[in-house]
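# Observations on the three-dimensional arrangement
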Amino acid sequence: MSTSNMPTDWDDHHGWEHHYSALLSSPSEYSQYTDSAGSFSFPKLGELMRTLRTQHSTTLWFPGCGVSPLPRLFALCGFDVYATDISPTALSFQRQNTTFVQEKAKTFLTAQSAPHKGTLHVERHDFREAYGHHRFDAIFNIRAIQGLPPQSMKRALHTHYDALRMGKTVYFDTMNVDGAPRIQFEELLLMVGFHVPLVALNRWYHTALKETGLAYVFVMGRPMLWQVEGEEENKRGSAQLRALTKEYEARAQVERKKERMQLDIDDKIAHIIYATG
């Protein structure tokens, strides 16, 4: 996703309003943002919704919602949704955005029978601050936290933790977070009190990938070679990435079983999606 016009200081409220208002004069960028589910691809949303219902997770919060189509989409599919942002332009979009989302929702509405009519609450809120007395079954932060300075990020994570019900999950969909920023983000999550699944194993995996010296990007959760010249180099590089991924997946099966045994029913879980590009 394009990052043009984003403020360099993510604490700058006026900068974010300028960013979203500028989208209105750029049809291609506006369409890119308003048609994006982030890493939650539209074809997989039906499965996610079924999982949430199975877990009795029907009250959702989208902090820093921007102009994402997801809040209204989930509301149309029967969830009680709170969408918050500090940009008046973004909030105006959330209140008015109906036609496009209704088209997207048709697939889910025909494939699923929503237990009740959902609701969409749109409010101005700085997610570094406490969000009233609201408590949520799931929180979706879609690429709205990774650029915050460390102290602001810590405040925001405390807000997310306090707003989440016991035993529930917050989803952080991030963009271009790797190396030291990735470790810092995970350390802050742990410090605040979240359980971060497979955190040690994931660090090993990404360190091992970097030590190959290969240029790669993650595509659909798997490392793929990037800008490799020559067929033989491509084969060798791809084989290295496949071998590391196979080892990671085998170790992950074992670690997941261990974590399930140790996880407390009241632990609040932070699920992080690391997207690149």
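Counting starts from 1 at the beginning of each chain's written sequence and moves along it residue by residue. Local features in this predicted model are restricted to residues of pLDDT 70 or higher, and side-chain atom pairs are both shown and tallied only at a pLDDT of 80 or more, whereas totals for entire chains, interfaces and linings draw on every residue. Only heavy atoms go into the side-chain values, all of them from the structure, while hydrogens and water stay out.

Our focus in this paragraph is the environment of S36. With respect to the helices and strands, the residue S36 is situated in the loop between α2 (27-34) and α3 (42-54). The buried category is assigned to S36, whose relative accessible area is 16%. In protein, a polar contact means a hydrogen-donor-capable atom and an acceptor-capable atom, both N or O and within 3.5 Å, with residues adjacent in sequence counting only if both atoms are side-chain atoms; elsewhere, any N or O pair within 3.5 Å suffices. Here G38 takes part through its backbone nitrogen, which lies 3.1 Å from a polar atom of the side chain of S36. Numbering of helices and strands starts at the N terminus; helices are DSSP runs of H or I of at least 4 residues and strands are runs of E of at least 2. Only protein chains enter the area calculation, which uses a 1.4 Å probe; residues under 20% of their type maximum are buried, those over 50% are exposed, and those in between are partly exposed.

Next up on the list: the layout of surface pockets. Detection works on a 1 Å grid of protein atoms alone, calling trapped sets that fit a 1.4 Å probe cavities and calling open sets with protein on both sides within 12 Å along at least five of seven lines pockets, with lining residues defined by an atom within 4 Å of a point. Grid points are joined across faces, edges and corners, and a volume is the space filled by probe spheres set on the points. In this model, the largest pocket occupies a volume close to 1900 Å³. If you trace the largest pocket, you find 49 residues lining it, with G221, H271, I272, I273 and Y274 closest to the centre. Breaking the lining of the largest pocket down by element, the ones donating at least two residues are α3, β5 (164-175), α8 (179-192), α9 (199-211), β6 (216-219), α10 (231-262) and β8 (269-275). In this structure, the second largest pocket spans a volume of roughly 570 Å³. As for the second largest pocket, its lining consists of 32 residues, of which W16, Y20, G64, R143 and A144 are closest to the centre. Residue type decides the class: Asp, Glu, Lys and Arg count as charged, Ala, Val, Leu, Ile, Met, Phe, Trp, Tyr, Cys and Pro as nonpolar, and the leftover types, Gly among them, as polar. When the residues that make up the lining of the second largest pocket are grouped by side-chain class, the tally is 15 nonpolar, twelve polar and five charged.

With that out of the way, let us pick up the pairing of strand β2 (residues 80-85). Of all six residues making up β2, five are buried, and the element is well covered by its neighbours. Sheet topology places strand β1 (residues 59-63) next to β2; five bridges connect them, and they run parallel. Within the sheet, the bridge partner assigned to F62 lies in β2 and is A83. With the strands pointing away from the viewer, any crossover whose connection runs clockwise from the first strand over the helix to the second is right-handed. Note on the crossover from β1 through helix α4 (residues 70-76) to β2: the handedness is right-handed. Of the pairings in the sheet, the one linking β2 to strand β3 (residues 119-124) comprises six bridges and is parallel in character. For Y82, the partnering residue across the bridge sits in β3 and is H121. Strand pairing is assigned whenever DSSP detects at least two bridges linking the two strands.

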